[in-house]
Amino acid sequence: MTNFNVIGIGNAIVDVISHGEDTFLDHMGIEKGIMQLVERDRAEVLYAAMKDRVETPGGSVANTIAGLGTLGLSTAFIGKVKDDALGRFYAKGMEDAGTAFPNPPSQTAQAPTSRSMIFVSPDGERSMNTYLGAGADLGSADVPAGLFDAGGILFLEGYLFDKDDGKTAFAEASRLMHAAGGKSGITLSDPFCADRHRADFQRLITEEMDFVIGNEAEWTTLYQTKDLDAALDQASAVCETVVCTRSGDPVQLRRGAERTEVPVTRVVPVDATGAGDQFAAGFLYGYARGQSLEISGRMGVIAAAEVIGHVGPRPKADLKTLFKDAGLI
């Protein structure tokens, strides 16, 4: 198989994006600004209520991997979709964007292809309502061993821990990557995710992960403290590289005794969907190229700023040109 610089593994979800006023969110019982898991019936109700749908292949880590692909890295995404209309749309969309999608749509998947109904408020905040369909049934049997022969970087999605099969997929992928001499890392995904899987995440960070990316709420939730420094101290004591995004506040990055802050220019986002995903893409581009913590963090900030300037979770501008304009490459 192709030698991949970065391999992602996570929920293969079709993002369905629509605008929604705060009054609409209240009326529909949607909690603003977080990701909520919904059942199939609820997903159908919300989908029918969307007034201006934009559909795109999504999923947190899939968005990151797609961003890395636009930067010229060789990328693959391990996910699971059903052989239905959305599943075929997803697989084709990933391939068309230049990211290998090694698992073909499954004819035996029990659940429909996963989808997330994302309502974007006037302030740019996004409220995600995710139906964990076929994508959440990804297991170790869905991890193609040959992808990892050349090593590289593995990026795992915390959301996939919501089912036991996902945990087996993580374990197998991480084992294969480390056996090939590569690096493994994870995104904490969401404060509720960090709360649900606290013990598993803490074990992963201590025993298996070379880098971890999360935001302030995720880190403080994971370590059950209101003191961000205390949370990051615990993580950096057991993990090589630790990254914390903080919305409009400076990003904090740690590698051993090295500590770096990268400033962020506060703006009102058009659509905050994908901000964390594309920060990860920018950071991992620098990480994969052996750049310093500061340069990698600045790349992440630029990528995040680009994606919040338009609707949709993936870059529209040429990120490499933006990095060049900033003097980073």
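Criteria and thresholds
- Residues numbered from 1 in each chain as written.
- Predicted model: local features only at pLDDT ≥ 70, side-chain atom pairs only at ≥ 80, totals over all residues.
- Heavy atoms only, no water.
- UniProt positions renumbered as here; feature names shortened; annotations may be inferred.
- Core = buried A, V, L, I, M, F, W, Y, C linked by side-chain atoms within 4.5 Å.
- Buried < 20%, exposed > 50% of the residue type's maximum accessible area, 1.4 Å probe, protein only.
- Axes fitted to C-alpha atoms, helices over the stretch in contact; angles between N-to-C directions.
- Helix = DSSP H or I, 4+ residues; strand = E, 2+ residues; numbered from the N terminus.
- Left-handed = near helix turned anticlockwise from the far one by under 90°.
- Contact = heavy atoms within 4.5 Å.
- Nonpolar A, V, L, I, M, F, W, Y, C, P; charged D, E, K, R; others polar.
- pLDDT = per-residue confidence, 0-100.

Under an unreviewed UniProt entry, the name given to the chain is Adenosine kinase, and the source organism is Yoonia rhodophyticola. According to the UniProt record, the Sequence similarities (unreviewed entry) comment for the chain is "Belongs to the carbohydrate kinase PfkB family."

*Asks:* So, the nonpolar core: which residues are in play, and what are the values?
*Replies:* Counting 53 residues, the largest nonpolar core has Phe77, Tyr90 and Phe283 as the members making the most contacts within it. With 43 residues, the next largest nonpolar core counts Ile78, Met128, Phe201 and Ala235 among its residues.

*Asks:* An account of the packing of helix α10 (residues 275-288) against helix α11 (residues 293-307) is needed here, citing residue identities and associated values.
*Replies:* Closest axis-to-axis distance for the α10/α11 pair is 7 Å, and the angle between their directions is 145 degrees. Seen from above, α10 lies across α11 with right-handed handedness. Facing α10, whose interface residues are Ala275, Gln278, Phe279, Gly282, Phe283, Tyr285, Gly286 and Tyr287, α11 presents Leu293, Ser296, Gly297, Met299, Gly300, Val301, Ala303, Ala304 and Val307. Residues of the contact of α10 with α11, tallied by class, amount to eleven nonpolar, six polar and no charged.

*Asks:* Give me the lowdown on the confidence of the model for the chain, citing residues and values where you can.
*Replies:* Averaged over every residue, the pLDDT of the chain is 93; residues scoring 70 or more account for 99%. By mean pLDDT, the top-scoring element of the chain is strand β10 (residues 211-215) (98), and the lowest-scoring one is strand β3 (residues 35-38) (88).

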